[in-house]
Amino acid sequence: METERLEILDISKLIGLVLVTVGHLSNGPVRNYIYLFHIPFFFVASGMVLRGRKTSLSEIIAENRKLLIFFYVLNLAIYGYVLVSGPENYQVIPGVNDLLLRVILLEGFGTLWFIGTLVIGRVLFRIIRKVNRQSHQIALFAVLYAASMVIGRGLDAGKLIYRVENLPLILLITILKGVIACVFLSTGFYLKAYWMKLIRWLQGNPVRSALTAAVCFGSLIPFCSFTQMDIHLLQFGMPVLNVILGLIGTVMILAVASLLEKTPASKSLAYLGRNSLILMSVESLQLLLVTYTFLCTCFNHQGIFVKILSLVLYIAELFLITVFPGKAINRLIQAIDSNCRKNPQA
């Protein structure tokens, strides 16, 4: 079953991106709540639109080429900016060489780690799909997920320094994150028919969508105090439970998106959602240029008004500076991709 482009999925990606932004600017229960499901949602949504046919190695490379071009263009742009402006001005970056190693190994800066992990997850997914029986594929996904949980618990990815001497550990952590992404991709892919039925069911009645969102929202609240999910840092409170919570959060986001789909702003929201990777990349630039200076200072204050105002300004700026550069970035990526197609040997 091939999945046509659905406006509700585009809107849901925008909701997920707003949650990413809020999560980065929050701490405590709010952050823990969002981290239960916001990144798993993106992987599940990506799995919903994956094609079912088995692919050759060349097709796997072609399928992920645009994502890789996107990843390297934006990361190298950040790398160049830091290099020119002086790395000593950015305490969040250990060093220029460390940043370059992050880029080469698909870790990237800020939220751009997600793109590299998505590429690795998609490649692993296609490799496992070559196994003949679907039941064996699912069993292999489960085994890999369990292994990544066990190995990941013994690693402190948050304190990892990206230097050449740590290369084996860096590669291991990168692969483990890709495995976890692959598992969530598979839940989107293998349950695609059920996700589509759910979407149609939600679209049929706004009251139904509102109740579904409310139930999912309430059911996640008790868990944010004793379990957490941070794929980037390989942190997992309860591995099996985290998968379930990630799926509940996905249902909640889809329910909210179905409500927004009925509003006059739905086309604009869908447009922003279609450019969610560009928005996520701009958010990374914001982390570099703004968040660690003005906004973090504001969020350290106790005044709730200052925090809300800072968040509103942040999101407004994030969307504003995406409208024009977004088209230029898309054109650049398409031009590079077109050149790659004409010169496959390069």
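Quick note: structure is the one above.
Just so it is clear, the model here is predicted, and its values are computed rather than measured.

Next up on the list: the packing of aromatic side chains. For any pair of aromatic rings, the description consists of the separation of the ring centres together with the inter-plane angle of the planes. Using the criterion set out here, one finds 12 aromatic pairs in the structure. Between Phe71 and Tyr72, the ring centres sit 5.2 Å apart and the planes meet at 85°, which makes this aromatic pair edge-to-face. We classify Phe71 as buried; its relative accessible area is 1%. Using a relative accessible area of 29% as the deciding quantity, one classes Tyr72 as partly exposed. Their ring planes at 85° and their centres at 6.4 Å tell us that Trp113 and Phe114 sit as a pair that is edge-to-face. Taken together, Phe41, Phe42, Phe43, Trp113 and Phe114 form an aromatic cluster joined through their ring pairs. Seen from the ring of Tyr35, Arg31 lies directly overhead, with NZ or CZ sitting 4.1 Å from the centre.

Another aspect to go through is helix H9 (residues 192-203). Look at H9: 16 Å from first C-alpha to last across 12 residues, which is about the 16 Å you get at 1.5 Å a residue. Looking only at H9, the buried set comprises Lys192, Trp195, Met196, Leu198, Ile199 and Leu202. The buried side chains of H9 occupy one side of the element, clustering within an arc of 160° when seen end-on. Set apart from the buried face of H9 by more than 90 degrees, the exposed residues are Tyr194 and Lys197. Lining the buried residues of H9 we find helix H1 (7-24), helix H3 (38-48), helix H8 (167-190), helix H10 (206-220) and helix H11 (239-260).

Across all of its chains, the model carries two salt bridges by this definition. The shortest N-O distance in the salt bridge between Glu7 and Lys267 comes to 3.1 Å. Note that Glu7 is positioned in helix H1 and Lys267 in helix H12 (residues 266-274), a separation of 260 residues in sequence. A salt bridge links Asp10 to Arg274; the nearest nitrogen and oxygen atoms lie 3.7 Å apart. Within this pair, whereas Asp10 is found in helix H1, its partner Arg274 is found in helix H12, the two being separated by 264 residues in sequence. Accessibility expressed as a relative area gives 42% for Arg274, which makes it partly exposed.

This part covers the packing of H9 against H11. Two elements in contact, H9 and H11, have axes whose closest approach is 9 Å; the angle formed by their N-to-C orientations is 35°. Once H9 is placed against H11, the crossing between them reads as right-handed. Between H9 and H11, the contacting residues are Trp195, Leu198, Ile199 and Leu202 on the first element and Leu247, Thr250, Val251, Leu254, Ala255 and Ser258 on the second. When its residues are assigned to classes, the contact of H9 with H11 shows eight nonpolar, two polar and no charged.

Our focus in this paragraph is the environment of Cys182. With respect to the helices and strands, Cys182 occurs in helix H8. Residue classification places Cys182 among the buried positions, given a relative accessible area of 2%.

Note that Thr212 resides in helix H10. When neighbours within four sequence positions are excluded, Thr212 is seen to be in contact with Trp201, Leu202, Val251 and Ala255.

Parameters and conventions
- Residues numbered from 1 in each chain as written.
- Predicted model: local features only at pLDDT ≥ 70, side-chain atom pairs only at ≥ 80, totals over all residues.
- Heavy atoms only, no water.
- Phe/Tyr/Trp six-rings, centres within 6.5 Å; stacked < 30°, edge-to-face > 60°.
- Buried < 20%, exposed > 50% of the residue type's maximum accessible area, 1.4 Å probe, protein only.
- Lys NZ or Arg CZ within 6 Å of the ring centre and 35° of its normal.
- Helix = DSSP H or I, 4+ residues; strand = E, 2+ residues; numbered from the N terminus.
- Expected span 1.5 Å × (residues − 1).
- Arc of directions from axis to C-beta.
- Contact = heavy atoms within 4.5 Å.
- Salt bridge = Lys/Arg side-chain N within 4 Å of Asp/Glu carboxyl O.
- Axes fitted to C-alpha atoms, helices over the stretch in contact; angles between N-to-C directions.
- Left-handed = near helix turned anticlockwise from the far one by under 90°.
- Nonpolar A, V, L, I, M, F, W, Y, C, P; charged D, E, K, R; others polar.

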